[in-house]
Amino acid sequence: MRAQCSDQLPDFPITRLPDSRAPAVIGRQARLELVFERRRGRTILAHAYAEPPFRVGRTFQIDDAAYVILVCTGAGIFTGDSLRQSIRVASGARVVLVSQSALQAHPAAAASAAMIHHEYLVDDEAELQCQWDPLIPFAGARIDQRFDLRIAESSRLYWSDAMMAGRVSRGEAWRFQSLAHELRVRIGASLAYLERYTLAPASRAVEQPWMAGAARYLATAIVHHDAATSGAAEALQRQAPRQRCPTYRPEPNAPGRLAIDLGVDLIRPKTIVGRILATDGAPFAAARASFQALALASIFGTPGRVGRK
């Protein structure tokens, strides 16, 4: 496929040959490739290639966007596994992607990490909205997670990824071996946002006030849109906390315990970043949903795309 945007974003290599993996790696090393295009006034899935455990659900139309649930049918990700997603939204296309459920990262049985690598290209005048369920690293897990987003200046993006400290209800908060995380967003020819860290709780405690503190749930949200202004960022900061979970109260025997912490900033023209931290799952999910609803309604003008699964 030829690049279709004025920024000349490079193409992904598209698979045209049959699956040639050895039987031993099927389900452990897998690729997912999707290409969306605009045809006759609607967005279609023009190319799809999925190796197990990936599966692509049926494409629905919501407003003028193609809505797809991406499924990982296995029990999760294990040591030595490699799961890669390459997704392109061609010029003028509108796409909403969600995951079916959280991704579980199982204990490491060897020195190698479980690899998760996502690549996205969003062409000129295209739009991509992603709201991913959290990553759950089990005790002893080792994960290397990378998200690489390359989007045209005239494109539109809503992105939200998330993680949990572990199986919190089982007392496994911050008991994974390591989590290397990188979120890289290039807009046009510039690196607009880079979020990179490695957590190794056994060697450096994460529960420090200048790190995660009391939080057990973390999320990043990114908005790129012509209507993403300093005023829009201020409105998100001001309104989201009041709507996130109005019935939630911290435990009475834990004074000062963090319920929700949310920070929003305009990092460059047309680009807003929000960070959400929480101690418990219910208020965390409510805060993410509230932030998304506010952003889609006030910035994108597409409130009908919220809360779908």
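Our structure's up above, just so we're on the same page.
Please read all numbers here as calculations on a predicted model, not as lab measurements.

Visitor: Please clarify how the overall build of the chain should be interpreted in this entry.
Guide: Scanning the chain for helices and strands turns up 2 helices and 18 strands. Among the 309 residues that make up the chain, the fraction classed as buried is 52%.

Visitor: Would you mind going over the pattern of salt bridges with me for this structure?
Guide: In this structure the tally under the stated criterion is 21 salt bridges. Across the salt bridge formed by Glu127 and Arg156, the nearest N and O atoms sit 2.9 Å from each other. Here Arg156 lies in strand E13 (residues 156-164) and Glu127 lies in strand E10 (residues 127-131), a separation of 29 residues in the sequence. By relative accessible area, which is 14% here, Arg156 ends up buried. The partner of Arg146 in a salt bridge is Asp144, with the nearest N and O atoms 3.3 Å apart. Among the residues examined, Arg146 registers a relative accessible area of 38% and is labelled partly exposed. Via salt bridges that share partners, Arg84, Glu119, Asp148, Arg150 and Arg186 belong to a single interconnected network.

Visitor: Quick question: what am I supposed to make of the nonpolar core here?
Guide: Proteins that are soluble and globular tend to have nonpolar side chains buried together. One finds Phe36, Leu97, Tyr120, Leu128, Trp159 and Trp174 to be the most contacted residues of the largest nonpolar core, which totals 50 residues. Setting aside residues up to four positions removed in sequence, Trp174 forms contacts with Met163, Ala165, Leu199, Pro201, Val206, Glu207, Ala212, Ala215, Arg216 and Leu218.

Visitor: Where do I start with helix H2 (residues 281-300) in this structure?
Guide: Owing to its 3.6 residues per turn, the α-helix brings residues three or four apart onto one side. Compared with the 28 Å implied by 1.5 Å per residue over 20 residues, the 27 Å span of H2 between its first and last C-alpha is a close match. Within two residues after H2, Gly301 carries a phi angle of roughly 70°, on the positive side.

Visitor: Honestly, the sheet that holds strand E2 (residues 42-50) in this entry has me stumped. Any pointers?
Guide: Sheets are built from strands that pair by backbone hydrogen bonding, the pairs being arranged parallel or antiparallel. Read across the sheet, 7 strands follow the order E2-E1-E6-E9-E12-E14-E15 without closing on themselves; strand pairing throughout is mixed. Of all strands in the sheet, those with a lone pairing partner are E2 and strand E15 (190-199), marking the two edges. Averaged over all adjacent pairs, the angle separating strand axes in this sheet is 5°, with direction ignored. Bridge count between strand E6 (residues 82-89) and strand E9 (residues 114-122): 8 bridges; the pairing is parallel. Its bridge partner lying in E9, Leu83 is registered against Ile116.

Visitor: Explain unusual backbone geometry here, please?
Guide: Keep in mind that most residues, glycine aside, have a negative phi and that most peptide bonds are trans. Cis geometry is found at the peptide bond from Pro52 to Pro53, where omega equals 15°. Among the structural elements, Pro53 can be located in the loop between E2 and strand E3 (54-56). The backbone of Trp174 shows a phi angle near 55°, a positive value even though the residue is not glycine. Tracing the backbone shows Trp174 in the loop between E13 and strand E14 (178-187). Non-glycine residue Lys270 carries a positive phi angle of around 75°. Summarising the element assignment, Lys270 is placed in the loop between strand E17 (260-268) and strand E18 (271-278).

Visitor: What exactly am I supposed to notice about the packing of aromatic side chains here?
Guide: When we look at a pair of aromatic rings, we describe it by the centre distance and by the angle of the planes. Under the defined criterion, the tally for this structure stands at 5 aromatic pairs. Taken together, a centroid distance of 5.3 Å and an interplanar angle of 75° make the contact between Tyr120 and Trp159 edge-to-face. Of this pair, Tyr120 sits in strand E9 while Trp159 sits in strand E13, placing them 39 residues apart in sequence. Trp159 matches Tyr120 in its accessibility class, with the two residues each being buried. Taken together, a centroid distance of 6.0 Å and an interplanar angle of 65° make the contact between Trp174 and Phe176 edge-to-face. With a relative accessible area of 7%, Trp174 lands in the buried category.

Visitor: I keep staring at the environment of Arg156 and nothing clicks. Help me out?
Guide: Sequence separation between Arg156 and Lys270 is 114 residues, and the spatial gap between their C-alpha atoms is 9.4 Å. Look past the residues within four positions of Arg156 in its chain and what remains in contact with it is Arg94, Val122, Glu125, Ala126, Glu127, Leu128, His224, His225 and Phe300. A polar contact is formed between the side chain of Arg156 and the side chain of Glu127, at a distance of 2.9 Å.

Visitor: Is there a simple way to explain the environment of Gly263 in this structure?
Guide: Structurally, Gly263 can be placed in strand E17. Taking C-alpha positions, Gly263 is 9.9 Å from Glu234, a pair spaced 29 residues apart along the chain. Among residues more than four places away in sequence, those in contact with Gly263 are Gln237, Val273, Gly274 and Arg275.

What counts and what doesn't
Residues numbered from 1 in each chain as written. Predicted model: local features only at pLDDT ≥ 70, side-chain atom pairs only at ≥ 80, totals over all residues. Heavy atoms only, no water. Helix = DSSP H or I, 4+ residues; strand = E, 2+ residues; numbered from the N terminus. Buried < 20%, exposed > 50% of the residue type's maximum accessible area, 1.4 Å probe, protein only. Salt bridge = Lys/Arg side-chain N within 4 Å of Asp/Glu carboxyl O. Core = buried A, V, L, I, M, F, W, Y, C linked by side-chain atoms within 4.5 Å. Contact = heavy atoms within 4.5 Å. Expected span 1.5 Å × (residues − 1). Pairing = 2+ DSSP bridges. Axes fitted to C-alpha atoms, helices over the stretch in contact; angles between N-to-C directions. Phe/Tyr/Trp six-rings, centres within 6.5 Å; stacked < 30°, edge-to-face > 60°. Polar contact = N/O pair within 3.5 Å; in protein donor to acceptor, adjacent residues only side chain to side chain.

As far as function goes, none of this settles anything; it's purely spatial.
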